[in-house]
Amino acid sequence: LFFGISFLLKYAAENTEVPIEFRLIGVIIGAIGLLIFGWKLKDKKQGYGLILQGAAVGILYLSLFSAFRLYALVPASLAFPLLILFCGLAMTLAVLQNSRALAVLSAAGGFLAPVLISTGSGNHVALFSYFAILNIAIFGVAWFKSWRLLNLIGFVFTFVIGIAWGVTSYNAADFSTTEPFLILFYFLYTAIAVLFAKKYKAEIKGYVDSTLIFGLPFIAFSLQVVLVESYEYGLAWSAFVLGAFYLLAAYLIVKSKNENLKVIAEAFIALGIIFSSLVIPFALDGQWTAAT
């Protein structure tokens, strides 16, 4: 349904004379109707009702993002508060109905919206700001629920689409508008991994999401290599900050004396040592590296 609506929008844009404002309003009204219908079915046919709600939220993302990005009908000052509202609505519905499926469908629809309507010439600041809103919503859900699939979907979509943009469009002049988003996403998913370990089933103590714990620093640091390659000591400082961050985080976790987080603290200590060690070859020449 979601893919069908997205292609219908693109087809209608190319083959009808109806003003785009009326087309988008029609789609939004239809999505709201679908959302209400899905909510009313939550007691009788919960699974089907949740799927309809997820599709409706995805269509709302799609419509609003296209109105902002493709047609400039909605200013940024209005578009982003509305996106925050939609994210909050979707994740609140998911938590209220204890529905991981709804959260996953809503998040996937939100991440797919800019991909499906992309013209190849978008503003990366607008794209990553939009992703930041979605990821903050996922963090909000992680505060209440330990839904690993939702966390992984957000992580994969954010970094895969980010890498795709970087390969095709990034240049050194974009550093100041790209680095803050990489840092934000890094901290968000580190926090989400800690929340997951803290809230996961009490009978399985010490369970951690290894994809986020170990995959996140590997991918993020690989991206950082590209971002700071033009700076003489960029990699050394990056490794130093990451090492210090992990060691400080491990110290705070150990200090909290939470048994569920013991394994994650040990993982952070290991990562802190690894990144701290990398500072040496990144900052010094071969002779000093060998001596150190």
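This text follows the structure it describes.
Residues numbered from 1 in each chain as written. Predicted model: local features only at pLDDT ≥ 70, side-chain atom pairs only at ≥ 80, totals over all residues. Heavy atoms only, no water.

Attention now goes to a nonpolar patch on the surface. On the surface, a cluster of nonpolar side chains totalling about 470 Å² of accessible area is made up of Tyr233, Trp237, Phe240 and Val241. Its place among the elements puts Phe240 in helix H10 (residues 234-256). For Phe240, a relative accessible area of 45% puts it in the partly exposed group. (Patch = residues over 30% accessible without salt bridge, like charges linked within 9 Å, V, L, I, M, F, W, Y side chains within 5 Å. Areas by Shrake-Rupley, 256 points an atom, 1.4 Å probe, with all protein chains shown as cover. Salt bridge = Lys/Arg side-chain N within 4 Å of Asp/Glu carboxyl O. Helix = DSSP H or I, 4+ residues; strand = E, 2+ residues; numbered from the N terminus. Buried < 20%, exposed > 50% of the residue type's maximum accessible area, 1.4 Å probe, protein only.)

Right, let's talk about helix H2 (residues 20-40) for a bit. Counting along an α-helix, one turn takes 3.6 residues, and residues three or four places apart therefore face a common direction. Its 21 residues place the ends of H2 30 Å apart at the C-alpha level, agreeing with the 30 Å of an ideal helix rising 1.5 Å per residue. Those residues of H2 lying buried are Ile20, Arg23, Leu24, Val27, Ala31, Leu34, Leu35 and Gly38. Relative to the axis of H2, the buried residues are bounded by an arc of 110 degrees and lie together on one face. Facing away from the buried side of H2 by over 90 degrees, the exposed positions are Phe22, Ile29 and Lys40. (Expected span 1.5 Å × (residues − 1). Arc of directions from axis to C-beta.)

Before going further, it helps to examine the side chain of Thr158. Note on placement: Thr158 falls in helix H7 (residues 148-169). Judged by relative accessible area, which is 3%, Thr158 ranks as buried. Of note is the side chain of Thr158, whose polar atom sits 3.0 Å from the side chain of Asn135. In this structure Thr158 touches Phe111, Phe131, Asn135, Phe185 and Tyr189, once residues within four positions along its chain are discounted. (Polar contact = N/O pair within 3.5 Å; in protein donor to acceptor, adjacent residues only side chain to side chain. Contact = heavy atoms within 4.5 Å.)

Our next topic: the packing of aromatic side chains. Scanning all chains against the criterion turns up 22 aromatic pairs. Aromatic side chains Tyr186 and Tyr246 sit 6.3 Å apart centroid to centroid with 75 degrees between the ring planes, which places their arrangement in the edge-to-face category. Of this pair, Tyr186 sits in helix H8 (residues 175-199) while Tyr246 sits in helix H10; the two residues are 60 residues apart in sequence, bridging distant segments of the chain. Both residues of the pair, Tyr186 and Tyr246, count as buried. In this structure, Lys42 packs its charged tip against the face of Trp39, placed 4.2 Å from the ring centre. (Phe/Tyr/Trp six-rings, centres within 6.5 Å; stacked < 30°, edge-to-face > 60°. Lys NZ or Arg CZ within 6 Å of the ring centre and 35° of its normal.)

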